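Chain and residue survey
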Amino acid sequence: MGLCGRGWRCLGVLRLPCGAAGSGPRLLSVWARGAGEPLARGGSACGRCPRTGPPRRQAWPGFQQARGAARPNPFARAQEQEWRRRNRTVLTYVAAAAVGMVGMSYAAVPLYRLYCQATGLGGSAVAGHDSDQIETMEPVKDRIIKVTFNADVHASLHWNFRPQQTEIYVVPGETALAFYKAKNSTDKPVIGISTYNVVPFEAGQYFNKIQCFCFEEQRLNPQEEVDMPVFFFIDPEFAEDPRMANVDLITLSYTFFEAKGGHKLPLPGYQ
């Protein structure tokens, strides 16, 4: 026999969270002796005792926490903030590396060109020699070298470009002067720019240009024709290099392109 009718009154039934895995919700009856207020939140009447008076909303200790509310973990929050800070640092480094790689890609061509001109790599003629070296060098009279000249024009450039001489004979340590001729055969001004190489490539480090029109924009008006000089010499050390022992022919080749925004010239020796 229950407590009803013995001076006890059922205030209601609480529905507690599930217990062990797989079990259903647990029910807890709340009783009071004499008069009392029925439950209004989190519970229901037992069905035997009448409910009187308006329901009173009251919080039962531990009930909200039993429904699964978790307290914040200071350690987890600090760890999450640390991870966010590290992610921002990594993203900053990645962005900086990407910008640096883009910058290097734009600078690679001119830097490589300067390196080729300084070392003769890829058949590039060496530039940047002062007048003292030219005045003090001794010609090697017993070593005669034939230098031939070649001219090409890219299909996008409507110029007539040719060497004014097909060949000349020089000796190491002796300066020489050659000329090219370019004509704009169109009815509008055109800007051209040229690149060059030396064959055989190994001879490029000894082929020194004093004056040249390569890698400089050349503007020609409609039907204009100009002479373009090339002042050069072959280093006397050419005769002392065993690799050059059988080299008696050197070809200097120029190719003109139309100068356009975003157009990249081919690297010397790698057209």
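Residues numbered from 1 in each chain as written. Predicted model: local features only at pLDDT ≥ 70, side-chain atom pairs only at ≥ 80, totals over all residues. Heavy atoms only, no water.

Attention now moves to the overall build of the protein chain. From N to C terminus, the protein chain includes three helices and twelve strands. Per-residue burial over the protein chain gives 32% buried out of 271 residues. In the protein chain, once contacts between residues fewer than 6 apart in sequence are set aside, the share between residues at least 24 apart is 71%. Total accessible area computed for the protein chain in this model is approximately 17,000 Å², and 55% of it derives from carbon and sulfur atoms. (Helix = DSSP H or I, 4+ residues; strand = E, 2+ residues; numbered from the N terminus. Buried < 20%, exposed > 50% of the residue type's maximum accessible area, 1.4 Å probe, protein only. Contact = heavy atoms within 4.5 Å. Areas by Shrake-Rupley, 256 points an atom, 1.4 Å probe, with all protein chains shown as cover.)

What follows deals with the sheet that holds strand β11 (residues 225-234). Spatially, β5-β7-β11-β9 is the arrangement adopted by the four strands of the open sheet, whose pairing is antiparallel. One side of each edge strand has no neighbouring strand; the edge strands of this open sheet are β5 (159-163) and β9 (207-211). On average, each strand axis in the sheet is inclined to that of its neighbour by 30°, with strand direction left out of account. Both β9 and β11 contribute to a ladder of four bridges, which runs antiparallel. Residue phenylalanine 207 lies in a different strand from β11, and its bridge partner there is isoleucine 234. (Pairing = 2+ DSSP bridges. Axes fitted to C-alpha atoms, helices over the stretch in contact; angles between N-to-C directions.)

Right, let's get into the environment of proline 172. Here proline 172 lies in the loop between β6 (167-170) and β7 (175-184). Taking C-alpha positions, proline 172 is 7.8 Å from isoleucine 145, a pair spaced 27 residues apart along the chain. If we skip the residues at most four places from it in the chain, proline 172 touches Glu138, Pro139, Val140, Arg143, Ile145, Ile234, Asp235, Pro236 and Phe238.

This paragraph deals with the pairing of strand β12 (residues 249-258). Counting buried positions along β12 gives seven out of ten residues, so the element sits mostly inside the fold. Pairing of strand β4 (residues 145-153) with β12 involves eight bridges; the strand directions are parallel. Paired with aspartate 152 across the two strands is threonine 255, which belongs to β12. Where strand β8 (residues 190-199) lies against β12, eight bridges are found, and the strand directions are antiparallel. Note on β12: the bridge partner recorded for tyrosine 196 is tyrosine 254.

Looking now at the packing of aromatic side chains. Counted according to the given criterion, the structure contains 14 aromatic pairs. Summarising the aromatic geometry, the rings of phenylalanine 149 and phenylalanine 232 are spaced 6.4 Å apart at their centres and angled 65° between planes, so their arrangement reads as edge-to-face. Here the residue phenylalanine 149 occupies a position in strand β4, and phenylalanine 232 occupies one in strand β11, the gap between them amounting to 83 residues. Phenylalanine 232 matches phenylalanine 149 in its accessibility class, with the two residues each being buried. Over the face of the ring belonging to tyrosine 196 we find lysine 209, whose NZ or CZ atom lies 3.5 Å from the ring centre. (Phe/Tyr/Trp six-rings, centres within 6.5 Å; stacked < 30°, edge-to-face > 60°. Lys NZ or Arg CZ within 6 Å of the ring centre and 35° of its normal.)

The strand order across the open sheet formed by five strands is β6-β4-β12-β8-β10, and the pairing between neighbours is mixed. With one partner strand each, in any of the chains shown, β6 and β10 (218-220) form the two edges of the open sheet. Strand-to-strand, the axes of this sheet are offset by a mean angle of 30°, without reference to chain direction. Pairing analysis gives four bridges linking β4 to β6, with the strands arranged antiparallel. Paired with valine 147 across the bridge in β6 is isoleucine 168.

Before going further, it helps to examine the environment of phenylalanine 232. Taking the relative accessible area as the measure of exposure, phenylalanine 232 reaches 0% and is therefore buried. Residues phenylalanine 232 and glutamate 174, 58 residues apart in the sequence, show an inter-C-alpha distance of 8.6 Å. In this structure phenylalanine 232 touches Val147, Phe149, Ile168, Glu174, Thr175, Ala176, Ala178, Phe207, Asn208, Lys209 and Ile210, once residues within four positions along its chain are discounted.

The residue isoleucine 134 is located in helix α3 (residues 131-136) in this model. With 76 residues separating them in the primary sequence, isoleucine 134 and isoleucine 210 have C-alpha atoms 9.5 Å apart. Among all residues touching isoleucine 134, those that are not within four sequence positions of it are Thr175, Ile210 and Phe233.

Moving on, we come to unusual backbone geometry. Residues valine 199 and proline 200 are joined by a peptide bond in cis, for which omega reads 0°. In this fold, proline 200 is placed in the loop between β8 and β9. Backbone geometry at phenylalanine 215 places phi at a positive 60°, although glycine is not the residue there. Along the chain, the position of phenylalanine 215 falls in the loop between β9 and β10.

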